[in-house]
Amino acid sequence: MIPHPAPAEPTSPADQGAEDAQYYRRVLHELIDMGSDLARMVHGQAKTQVEAEAGAAGAGDGAGAGMGIAPELAAAFDRIARSVRRSISLARTLSDPVPPPAAHDGAAHRTAARKRIIRDVEDVIPRKVGESEAEVLHGELLERLDAPDLDDDIRDRPVADIIADICRDLGLAAMPGTRPW
């Protein structure tokens, strides 16, 4: 465990914020290192398991190698890799300046933008697809609205661009008779 240093004298909020960011960065780097080590161990265990199964199966041509990895090893590796990626992403954001506190109109803008996105995309869905596909696309729209980066997009980009991107991602912006890639 990395000890958080206690300041010897009172510091300004800016200095305290910088100290905290350095401490958090050290903790995140330690977590990244531990996660990487753990991922290597799980990978080694899976590799050993595959090699043992290949040896037990006899001298084959290697077809199907890697198919015998235990699901719990694959799931563990996936969770560890996801945690490492999230920690790296979080460590990168620590160097970003802290945005000033949002004014009350920021929350109102965000709410109005979300309402407009929902209304505009929901108007496009029934015009472009059948009823069965509309339910699926509506679910995908709701997932997009729950994404953590949507608030950043609303703050930094025009709402019309966000709507166009969502429609394009859902396959609603393709020209008639074409299929979106």
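Here, every reference points to the structure presented above.
Here goes a summary of the coordinates provided. (Residues numbered from 1 in each chain as written. Predicted model: local features only at pLDDT ≥ 70, side-chain atom pairs only at ≥ 80, totals over all residues. Heavy atoms only, no water.)

### Some remarks on the overall build of the protein
Phase 1: Of regular secondary structure, the protein possesses six helices and zero strands.
Phase 2: Going from the N terminus to the C terminus, the protein shows its helices and strands as α-α-α-α-α-α.
Phase 3: Buried positions account for 20% of the 181 residues belonging to the protein.
Phase 4: In the protein, the proportion of contacts linking residues at least 24 apart, taken out of those at least 6 apart, comes to 66%.
Phase 5: Taken as a whole, the protein presents about 13200 Å² of accessible surface, with 58% of it coming from carbon and sulfur. (Helix = DSSP H or I, 4+ residues; strand = E, 2+ residues; numbered from the N terminus. Buried < 20%, exposed > 50% of the residue type's maximum accessible area, 1.4 Å probe, protein only. Contact = heavy atoms within 4.5 Å. Areas by Shrake-Rupley, 256 points an atom, 1.4 Å probe, with all protein chains shown as cover.)

### A short note on the nonpolar core
Phase 1: Formed by 18 residues in total, the largest nonpolar core has its most connected members in I117, V121, I166, L170 and L172.
Phase 2: Counting residues per element, the ones that place at least two in this core are α3 (104–128), α4 (131–146), α5 (149–156) and α6 (159–169).
Phase 3: Leaving out residues up to four positions away in the same chain, L170 has contacts with V121, L137, E140 and L141.
Phase 4: One finds I32, A46, I80 and V84 within the second-largest nonpolar core, a separate group that totals eight residues. (Core = buried A, V, L, I, M, F, W, Y, C linked by side-chain atoms within 4.5 Å.)

### What about the pattern of salt bridges?
Phase 1: Under the criterion given, the structure shown has nine salt bridges.
Phase 2: A salt bridge links R157 to D153, with the nearest nitrogen and oxygen atoms 4.0 Å apart. (Salt bridge = Lys/Arg side-chain N within 4 Å of Asp/Glu carboxyl O.)

### Description of the environment of Q49
Phase 1: Position of Q49 among the secondary structure elements: in helix α1 (residues 13–57).
Phase 2: Look at Q49 and you get partly exposed, because its relative accessible area is 23%.
Phase 3: Sequence separation between Q49 and I69 is 20 residues, and the spatial gap between their C-alpha atoms is 6.9 Å.

### Description of the side chain of R25
Phase 1: With respect to the helices, strands and loops of the structure, R25 is situated in helix α1.
Phase 2: For R25, a relative accessible area of 18% puts it in the buried group.
Phase 3: Once you skip the residues sitting within four places of it in the chain, R25 turns out to touch A91, L94 and S95.

### With respect to the environment of S83
Phase 1: Residue placement: S83 occurs in helix α2 (residues 71–93).
Phase 2: The spatial distance from the C-alpha of S83 to the C-alpha of S36 is 9.7 Å, given a sequence separation of 47 residues.

### Focus: α2
Phase 1: If you check α2, its first and last C-alpha atoms are 33 Å apart, about what 23 residues at 1.5 Å a residue would give, namely 33 Å.
Phase 2: Within the sequence span of α2, burial applies to L73, A76, I80, A81, V84, S87 and A91. (Expected span 1.5 Å × (residues − 1).)

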